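Structure assessment
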Amino acid sequence: MLGGIFFLLSVLCYAVFIYPYLIYPIVLSLLPRKAVGKSTCTASVSLLFCAFNEEDALPAKLANLKSLKQRYPQIQILAFDDGSVDETAEILQAETGTLELVRGGGRSGKAAGMKRLAAMATGEILIFTDANVLLDEAAIENLLPYYGDPNVGGVCGTLIYRNGDISSTAQVGSLYWRLDELLRGLESRTGNVMGGDGSIFSVRKSLYPDFPDTVLDDFTVSMSVIFSGNRLIKAPDVIAFENSVASRKEELRRKIRIGARSYHTHAHLRSSLRHMRPLDRFKYASHKLLRWFGGLFVGLGTVFLTAAAASISALLALALVLVLMTGTLIMTQWPSGALAKAGDAFLAIFATLIGVYRGMRGETVATWAPAKSR
């Protein structure tokens with residue numbers, strides 16, 4: 001009897017773990033659709049990005065910005081250098097015909113930099129991106145008609161990873177992102193997307209909020225659109241390109257950092273989250289909260305499964321533990337192929353949980369550094 005209860009608890013924990021990835025998309029597909037009315041929009045646009053030690057990425061970035069400016073001459077482009085120690089600031093400073101550079105006084109972080117740029121921006125629509133991200137040449141023309149709908153306060157673009165096959169880590173990261181893009185698309189069709197990604201998203205300047213420098217600025221700014229009663233949608237034809245992180249060590253550090261800042265940002269937004277509409281609260285819990293604690297549900301499920309085995313035989317429980325430990329060791333040490341990808345996914349889940357735990361303890365990180373393996 002007790003063993004059966006432990007087994008059912010194990011199944012429940014594993015079901016909660018897989019829910020955001022397999023069940024939630026099905027639920028979204030069954031919800032009523034909410035259309036967006038695209039029409040002509042002549043709003044002015046400012047494009048903003050922050051950089052730290054990005055000299056290797058800047059030649060392609062600057063060529064991309066010049067191409068965008070040629071197609072859309074009215075655009076204002078602002079860049080913030082967060083105390084780079086390479087030639088980033090000098091390279092950007094030389095491009096006065098393309099962009100305006102703001103130099104920070106040392107490391108202050110992306111959130112602080114974006115706030116300074118947003119305050120300087122003259123555009124009615126603010127487009128946020130990263131120094132290593134390239135925008136499709138038609139991105140701005142495709143973006144503006146969405147703002148012809150007065151109910152739309154923010155638009156998230158579509159990010160495509162270009163090097164998804166370079167390593168098992170990049171393959172897992174690319175697959176995870178394709179799933180996330182699918183979820184965002186389904187969320188957009190049913191109302192609001194649960195937050196934008198800093199690679200490519202935009203908001204009306206009038207909705208840009210104030211926030212501390214320690215939060216995730218992209219998450220905070222995009223969610224403020226929903227808090228204001230406007231729609232935050234996803235645009236499949238506003239496309240950007242980026243390289244995925246190829247190093248497992250760098251990806252795990254990134255997951256921990258993002259996990260800590262995500263929970264810290266969640267704590268900052270908690271009072272506003274409580275006042276969201278029921279459907280948006282459901283989406284937020286499904287897309288964000290349950291995934292952040294995915295490693296916890298996997299761990300609890302394994303504990304309950306082991307307890308169920310122990311209720312039958314101590315030897316069976318010991319064998320199960322040995323099998324699980326051996327499998328985990330093999331996955332996390334295997335150099336390539338399906339086992340390596342399984343190991344990357346396993347470690348990423350628990351790296352996120354570690355970051356969330358640190359965030360719950362009050363830890364956060366304001367600054368960042370670009371991954372060398374991108």
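Look above for the structure.
An account of the accompanying structure is given in this report. (Residues numbered from 1 in each chain as written. Predicted model: local features only at pLDDT ≥ 70, side-chain atom pairs only at ≥ 80, totals over all residues. Heavy atoms only, no water.)

For the structure shown, the criterion picks out 14 salt bridges. For Arg-277, the salt bridge is made with Asp-280, and the minimal N-O distance between the two is 3.7 Å. In this structure Arg-277 comes out as partly exposed when scored by relative accessible area, which is 46%. One network of salt bridges, in which partners are shared, links Arg-71, Glu-137 and Glu-141. (Salt bridge = Lys/Arg side-chain N within 4 Å of Asp/Glu carboxyl O. Buried < 20%, exposed > 50% of the residue type's maximum accessible area, 1.4 Å probe, protein only.)

This paragraph deals with the environment of Arg-103. If you trace the backbone, Arg-103 turns up in strand E3 (residues 100-103). Here the alpha-carbon distance between Arg-103 and Tyr-263, two residues 160 residues apart in the chain, equals 29 Å. Not counting chain neighbours up to four residues away, the residues in contact with Arg-103 comprise Phe-80, Asp-81, Ala-89, Glu-90, Gln-93 and Arg-116. (Helix = DSSP H or I, 4+ residues; strand = E, 2+ residues; numbered from the N terminus. Contact = heavy atoms within 4.5 Å.)

Between two aromatic rings, the relevant description is the distance of the centres plus the angle of the planes. As enumerated under the stated definition, the model contains eleven aromatic pairs in all. Centre to centre, the rings of Tyr-24 and Phe-282 are 5.9 Å apart; their planes meet at 70°, and the pair counts as edge-to-face. Note that Tyr-24 is positioned in helix H1 (residues 2-30) and Phe-282 in helix H9 (residues 278-292), a separation of 258 residues in sequence. Here Phe-128 and Tyr-208 contribute two aromatic rings whose centre-to-centre distance is 5.9 Å and whose plane-to-plane angle is 20°, an arrangement assigned as stacked. (Phe/Tyr/Trp six-rings, centres within 6.5 Å; stacked < 30°, edge-to-face > 60°.)

We now examine the packing of helix H11 (residues 314-333) against helix H12 (residues 337-360). It is the contact of H11 with H12, at a shortest axis distance of 6 Å, that shows an interaxial angle of 105°. The angle between H11 and H12 falls in the class roughly perpendicular. Where H11 abuts H12, its residues Thr-328, Ile-330, Met-331 and Thr-332 lie against Leu-339, Ala-340, Ala-342, Gly-343, Phe-346 and Leu-347. (Axes fitted to C-alpha atoms, helices over the stretch in contact; angles between N-to-C directions. Parallel < 35°, antiparallel > 145°, perpendicular 65-115°, else oblique.)

By the secondary structure assignment, Asn-163 is in the loop between strand E6 (152-161) and helix H6 (168-189). Taking the relative accessible area as the measure of exposure, Asn-163 reaches 10% and is therefore buried. Discounting chain neighbours no more than four positions away, the residues touching Asn-163 are Ala-170, Glu-242, Asn-243 and Ser-244.

Turning to the sheet that holds E3, a few remarks are in order. Pairing between the strands of a sheet is mediated by backbone hydrogen bonds and can be parallel or antiparallel. Spatially, eight strands are ordered E3-E2-E1-E4-E7-E6-E8-E5 in an open sheet, and the strand pairing comes out mixed. Across the chains shown, the open sheet's two edge strands, defined by having one partner strand only, are E3 and strand E5 (134-135). Sheet topology places E6 next to strand E7 (residues 200-204); three bridges connect them, and they run antiparallel. Across the sheet, residue Val-155 finds its bridge partner in E7, namely Ser-202. (Pairing = 2+ DSSP bridges.)

Let's shift gears to the packing of H1 against H6. Where H1 contacts H6, the two axes come as close as 9 Å, and the packing angle between them is 25°. Considered as vectors, H1 and H6 are oriented roughly parallel to each other. With respect to the hand of their crossing, H1 and H6 are arranged in left-handed fashion. Listed contacts from H6 to Pro-20, Tyr-21, Tyr-24, Pro-25 and Leu-28 of H1 are Tyr-176, Leu-179, Leu-183, Leu-186 and Glu-187. Within the contact of H1 with H6, the residues separate by chemical class into nine nonpolar, no polar and one charged. (Left-handed = near helix turned anticlockwise from the far one by under 90°. Nonpolar A, V, L, I, M, F, W, Y, C, P; charged D, E, K, R; others polar.)

Moving on, we come to unusual backbone geometry. If you check the backbone angles, Asn-53 has positive phi at about 50° while not being a glycine. With respect to the helices, strands and loops of the structure, Asn-53 is situated in the loop between strand E1 (45-51) and helix H2 (58-71).

To continue, consider a nonpolar patch on the surface. On the surface, Met-1, Leu-2, Ile-5, Leu-9 and Leu-12 cluster together to form a nonpolar patch covering roughly 530 Å² of accessible area. Looking at where Leu-12 falls in the secondary structure, it is placed in helix H1. (Patch = residues over 30% accessible without salt bridge, like charges linked within 9 Å, V, L, I, M, F, W, Y side chains within 5 Å. Areas by Shrake-Rupley, 256 points an atom, 1.4 Å probe, with all protein chains shown as cover.)

Before going further, it helps to examine the environment of Thr-367. With respect to the helices, strands and loops of the structure, Thr-367 is situated in the segment after H12. The partly exposed category is assigned to Thr-367, whose relative accessible area is 28%. C-alpha separation for the pair Thr-367 and Thr-40, spaced 327 residues apart in sequence, amounts to 39 Å. Each residue touching Thr-367, except ones within four places of it in the same chain, is listed here: Asp-82, Arg-107, Ser-108, Gly-109 and Arg-257.

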